[in-house]
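Results of the structural survey
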Amino acid sequence: MNAIPASAALQAAPAAPPRPGRDRRDARADRWFRRVLAATVAVVLLALASAALSMLWGGREALQSQGLGFFLSADWNPVENRYGALAPIAGTLATAFVAMALAVPLSFGIAVFLTEVAPRWVRGPVGSAIELLAAIPSIIYGMWGLFVLVPVMTAHVTPWLNAHLGTLPGVGLLFRGPPLGIGVLTAGLVLAIMVVPFITAVMREVFLTVPARLKESAHALGATRWEVCRDVVLPYTRSAVIGGIFLGLGRALGETMAVAFVVGNSVRLTPSLLEPGTTIAALIANDFGEATQTYRSALLLLGFVLFAVTFVVLALARLMLARLARREGA
Amino acid sequence: MTVSALRLAPFLLAAALAATGCQPASDGTPPADAGTGPAGATRISGAGASFVYPLMSRWSADYNAATGHQVNYQSIGSSGGIAQVKQGTVDFGSSDKPLSAAELAEAGLGQFPSAIGGVVPVVNLQGLAPGELRLTGPLLADIFLGKVRAWDDPALVALNPGVALPASPISVVHRSDGSGTSFNFTNYLSKVSADWKAQVGEGTSVAWPLGVGGKGNEGVASYVQQIDGSIGYVELAYALQNAMPYASMQNADGRFVEPGAESFAAAARTADWTSASEFDLVITNAPGPDAWPIAATNFILVPKAADPARTRATLDFFRWAFASGTEQASELHYVPLPPELVAQVEAYWASGFGYE
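Residues numbered from 1 in each chain as written. Chains lettered and ligands numbered in written order. Predicted model: local features only at pLDDT ≥ 70, side-chain atom pairs only at ≥ 80, totals over all residues.

With that out of the way, let us pick up the overall build of chain B. What chain B contains, in helices and strands, is 14 helices and 11 strands. Taking all 356 residues of chain B together, 48% fall into the buried category. Of the contacts made within chain B by residues no fewer than 6 positions apart, 71% connect residues no fewer than 24 positions apart. (Helix = DSSP H or I, 4+ residues; strand = E, 2+ residues; numbered from the N terminus. Buried ≥ 20, exposed ≤ 12 C-beta atoms within 10 Å, placed from the backbone. Contact = placed C-beta atoms within 7 Å.)

Below is the structure:
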């Protein structure tokens with residue numbers, strides 16, 4: 001007799017009923033959220049692919065008429081429709097290399113100063129001032145380069161380099177040129193200043209993440225400030241620092257207007273840093289407006305080459321970072 | 001707000017934005033029909049060479065004040081102007097380089113000159129007055145070819161006995177971007193120097209043998225002003241505005257002339273317009289004792305088969321410009337077309353477009 005009421009009681013008081021509507025709505029919301037995120041990624045990838053492919057498609061006429069000579073010849077002659085892009089490609093790499101050679105030590109010094117050496121009240125204002133450099137439009141850099149830097153280079157730097165370094169065997173080839181302040185070196189200098197805030201910001205952020213305990217232990221063992229930077233801070237932050245450097249390199253490769261003002265815009269291949277040259281971006285910016293048919297196709301192909309060069313550089317950066325991470329056992 | 005209203009909100013917002021965005025085309029784009037504005041005022045658009053942009057701006061402002069009709073000109077370069085007028089997206093195009101009669105026939109365009117200007121070699125040498133330095137065409141070509149490298153070269157010294165030329169190297173400045181100015185300059189050098197014609201040729205963009213490239217007339221002017229011992233070429237307006245010493249040139253008749261409105265007008269007058277079909281004539285190296293050798297013409301291209309009302313509106317504007325716009329042209333350092341040439345252009349309108 002007692003069992004029946006007990007089982008009835010058990011049956012009469014089941015667990016709290018499920019709320020199927022709410023759960024199903026949540027699952028649907030989750031699915032849509034995932035789809036929207038996937039869509040945003042797809043849009044970005046689509047934009048990237050369409051930009052690259054449209055430039056390649058526009059450049060097919062030049063590729064067909066010039067063949068591999070487009071990448072190997074330095075003869076750029078719009079009148080006779082001969083396009084050899086070696087000069088702008090070499091100029092892009094040269095200006096980017098000069099810019100990085102100047103910017104990386106400078107950024108490293110600024111970052112170390114701001115994180116290790118400077119008194120605390122200096123760090124805020126100086127850090128903000130460096131970041132302000134990144135906000136200046138690139139055409140302002142071009143104007144500043146043309147009206148301020150070029151006269152200084154013409155009057156003081158270029159003659160000095162010509163006289164003292166131009167006479168050395170071998171290396172002297174790099175520093176022999178006319179007494180103009182316009183050229184690959186000046187463009188590299190302007191690019192270095194433009195690129196410093198990016199690299200400095202990354203380095204500064206990442207130097208601050210080094211555990212104080214590591215640095216204090218090193219100091220306690222008698223290490224100087226420089227030894228702490230070289231043996232504790234840098235190895236700890238190596239991957240991020242290299243990432244920051246390649247961020248700056250990406251900007252230096254693609255910079256257009258600042259370079260177009262000071263690089264001299266001469267589509268000729270020279271070994272000297274003091275001679276005028278050109279870069280891919282500056283050449284396209286200068287000539288795209290008036291270019292017709294084959295010339296426009298050659299410029300589009302050149303744009304694709306810049307795309308490819310930037311892609312290769314970033315891929316190298318990733319490879320290097322992956323190898324470093326593997327070596328560190330991460 | 002209920003849950004469903006919250007969900008609908010972004011879609012409603014997007015729909016509202018789309019609705020406000022669908023406005024009729026503003027003044028900047030050419031309308032599909034014969035654009036009429038308020039009270040029958042017409043709206044025409046043109047595009048092309050940057051050389052005449054200041055002049056077109058001024059003419060269109062004064063034309064609007066005088067008649068109420070609107071003219072919109074976009075300075076996108078000669079080849080852009082030619083491309084757009086061929087496609088029919090603008091009512092007229094403007095180019096510093098004339099199209100040949102064959103090209104015009106193929107594209108169904110008419111062509112006539114609008115204004116005259118000139119290219120002027122400018123130098124940066126200490127203590128030189130404007131016009132004091134004398135150059136000949138072949139010598140200028142040799143300088144830009146790199147054959148004459150120093151200011152005290154015997155050829156230069158022989159031509160300028162009274163001028164103290166320094167022993168410094170010549171720095172050549174040219175245009176880095178494609179331009180009609182470069183076209184007229186290289187066209188002239190090709191006419192006077194067989195070496196230049198063989199080695200470099202003519203065009204809006206050429207493979208310059210040496211020198212640095214400045215972007216636009218402003219770029220060349222600023223480089224020449226900054227670099228000691230440099231030589232470049234700019235439109236006259238830039239040389240005058242920046243007070244730069246220019247060179248006198250020897251013209252086809254053998255006389256040395258200084259650049260200016262008079263010598264440009266002389267070149268336009270003595271150039272052989274009557275034998276040029278469809279005005280296909282580059283007036284560099286024009287004959288005549290007072291002609292400036294590197295004069296340049298800007299050409300207007302109008303489609304022959306367009307809507308007659310728009311063609312009429314376009315030619316009305318240019319008739320007004322030739323009749324009442326000459327003062328503005330002179331103020332802006334352009335040379336208005338000489339009266340004989342204007343008469344020839346108007347006869348061309350009558351025969352080619354049926355326009356009175």
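Moving on: the overall build of chain A. Helix and strand content of chain A: 13 helices and 2 strands. Its C-alpha atoms give chain A a radius of gyration of 29 Å, more than 25% over the compact-globule value 20 Å for 330 residues. The C-alpha extent of chain A, read off along each of the three principal axes, is 115 × 65 × 35 Å. Here chain A holds 330 residues, and 35% of them are scored as buried. Pairs at least 24 apart in sequence give 76% of the contacts found in chain A among residues at least 6 apart. (Rg over C-alpha atoms; globule rule 2.2 N^0.38 Å.)

Each partner contributes to the interface: chain A provides 21 residues, whereas chain B provides 25 residues. Elements represented by at least two residues in the side of chain A that touches chain B include exactly strand S1 (76-77), helix H7 (138-164) and helix H12 (280-287) of chain A. Broken down by element, the residue count for the side of chain A that touches chain B peaks at 3 residues, all from H7 of chain A. Per-class residue counts for the side of chain A that touches chain B are 12 nonpolar, 7 polar and 2 charged. (Nonpolar A, V, L, I, M, F, W, Y, C, P; charged D, E, K, R; others polar.)

This paragraph deals with the pairing of strand S11 (residues 295-303) of chain B. All names here are of chain B. Extensive coverage of S11 is indicated by the burial of 9 of its 9 residues. Bridging between strand S3 (residues 92-95) and S11 involves 3 bridges; their strand directions are antiparallel. Paired with serine 94 across the bridge in S11 is isoleucine 300. Relative to S11, strand S4 (residues 109-123) is paired through 9 bridges, and the arrangement is antiparallel. Residue pairing across strands places glycine 118 opposite alanine 295, the latter belonging to S11. (Pairing = 2+ DSSP bridges.)

Quick look at the pairing of strand S1 (residues 43-48) of chain B now. Residues and elements named next belong to chain B. The element S1 is extensively covered by neighbouring structure, given that 5 of its 6 residues are classed as buried. Bridge analysis of S1 against strand S2 (residues 70-75) gives 6 bridges, and the strand direction is parallel. Across the sheet, glycine 46 pairs through a bridge with tyrosine 73, a residue of S2. Bridge count for S1 against S3 is 3 bridges, and the pairing is parallel. Across the sheet, glycine 48 pairs through a bridge with serine 94, a residue of S3.

In this model helix H6 (residues 120-135) of chain A runs 24 Å from its N-terminal to its C-terminal C-alpha over 16 residues, within 8% of the 22 Å that 1.5 Å per residue would give. Summarising burial for H6 of chain A: 0 of the 16 residues are buried, a small minority. (Expected span 1.5 Å × (residues − 1).)

Once that is clear, we can look at the sheet that holds strand S5 (residues 134-135) of chain B. All names here are of chain B. The strand order S5-S9-S10 describes an open sheet built from 3 strands, whose pairing is mixed. Because the sheet does not close on itself, it has two edges, and the strands there are S5 and strand S10 (256-257). Where strand S9 (residues 248-250) lies against S10, 2 bridges are found, and the strand directions are antiparallel. Within S10, the residue paired with glutamine 250 across the bridge is phenylalanine 256.

The next point concerns the environment of alanine 313 of chain B. Residue and element names in this part refer to chain B. Positionally, alanine 313 belongs in helix H12 (residues 308-324). The exposure class assigned to alanine 313 is buried, which follows from the 21 C-beta atoms found within 10 Å. Alanine 313 sits 160 residues away from aspartate 153 along the chain, and the two C-alpha atoms are 56 Å apart. Once you skip the residues sitting within four places of it in the chain, alanine 313 turns out to touch Thr42, Ile44 and His69.

What follows is about the nonpolar core. In terms of nonpolar packing, the biggest core is built from 170 residues, with Leu191, Val195 and Leu302 of chain A together with Ala267, Ala268 and Ala295 of chain B touching the most fellow members. Counting residues per element, this core draws most heavily on helix H8 (residues 184-207) of chain A, at 17 residues. Among residues more than four places away in sequence, those in contact with alanine 268 of chain B are Ile116, Ile283, Ala295, Val335, Leu337, Pro338 and Leu341 of chain B. (Core = buried A, V, L, I, M, F, W, Y, C linked by C-beta atoms within 7 Å.)

Quick look at the confidence of the model for chain B now. All names here are of chain B. Averaged over chain B, the pLDDT score is 85; the fraction of residues at 70 or greater is 88%. This model gives residues 21-34 a pLDDT under 50, and the stretch forms 11 contacts once residues within four places in sequence are excluded. In the predicted complex, the global pTM is 0.80; the interface-specific ipTM is 0.76. (pLDDT = per-residue confidence, 0-100.)

Attention now moves to the sheet that holds S3 of chain B. Note: strands within a sheet are paired through backbone hydrogen bonds, in either parallel or antiparallel orientation. Residue and element names in this part refer to chain B. Taken in spatial order, the 8 strands line up as S2-S1-S3-S11-S4-S8-S6-S7 in an open sheet, and their pairing is mixed. Because the sheet does not close on itself, it has two edges, and the strands there are S2 and strand S7 (212-214). Between one strand axis and the next, the sheet turns by 25° as a mean value, whatever way the strands run. Sheet analysis places strand S6 (residues 171-175) next to strand S8 (residues 230-235), joined by 2 bridges and oriented parallel. When the sheet's bridge partners are listed, serine 171 is paired in S8 with serine 230. Where helix H2 (residues 53-67) meets the sheet, its contacts fall on S2 and S4, and the angle it forms with S2 comes to roughly 170°. (Axes fitted to C-alpha atoms, helices over the stretch in contact; angles between N-to-C directions.)

Time to look at the packing of helix H5 (residues 86-117) of chain A against helix H10 (residues 225-254) of chain A. All names here are of chain A. Orientation of H5 relative to H10, taken along the N-to-C sense of each, is 140°, at an axis distance of 10 Å. Between H5 and H10, the interaxial angle falls into the category oblique. In terms of crossing hand, the pair formed by H5 and H10 is right-handed. On H10, the residues touching Thr92, Ala96, Ala99, Met100, Ala103, Val104, Val112, Glu116 and Val117 of H5 are Arg225, Cys229, Ile245, Gly248, Leu249, Ala252 and Leu253. Classifying every residue of the contact of H5 with H10 gives 12 nonpolar, 2 polar and 2 charged. (Parallel < 35°, antiparallel > 145°, perpendicular 65-115°, else oblique. Left-handed = near helix turned anticlockwise from the far one by under 90°.)

Looking now at unusual backbone geometry. The phi dihedral of asparagine 81 of chain A falls on the positive side, at around 55°, and the residue is not glycine. In this structure, asparagine 81 of chain A sits in the loop between S1 and strand S2 (82-83).

With that settled, consider the environment of asparagine 160 of chain B. Residue and element names in this part refer to chain B. Structurally, asparagine 160 can be placed in the loop between helix H6 (154-159) and S6. For asparagine 160, a count of 18 C-beta atoms within 10 Å gives the class partly exposed. Residues asparagine 160 and alanine 261, spaced 101 residues apart in sequence, show a C-alpha to C-alpha distance of 24 Å. Look past the residues within four positions of asparagine 160 in its chain and what remains in contact with it is Leu133, Arg134 and Leu165.

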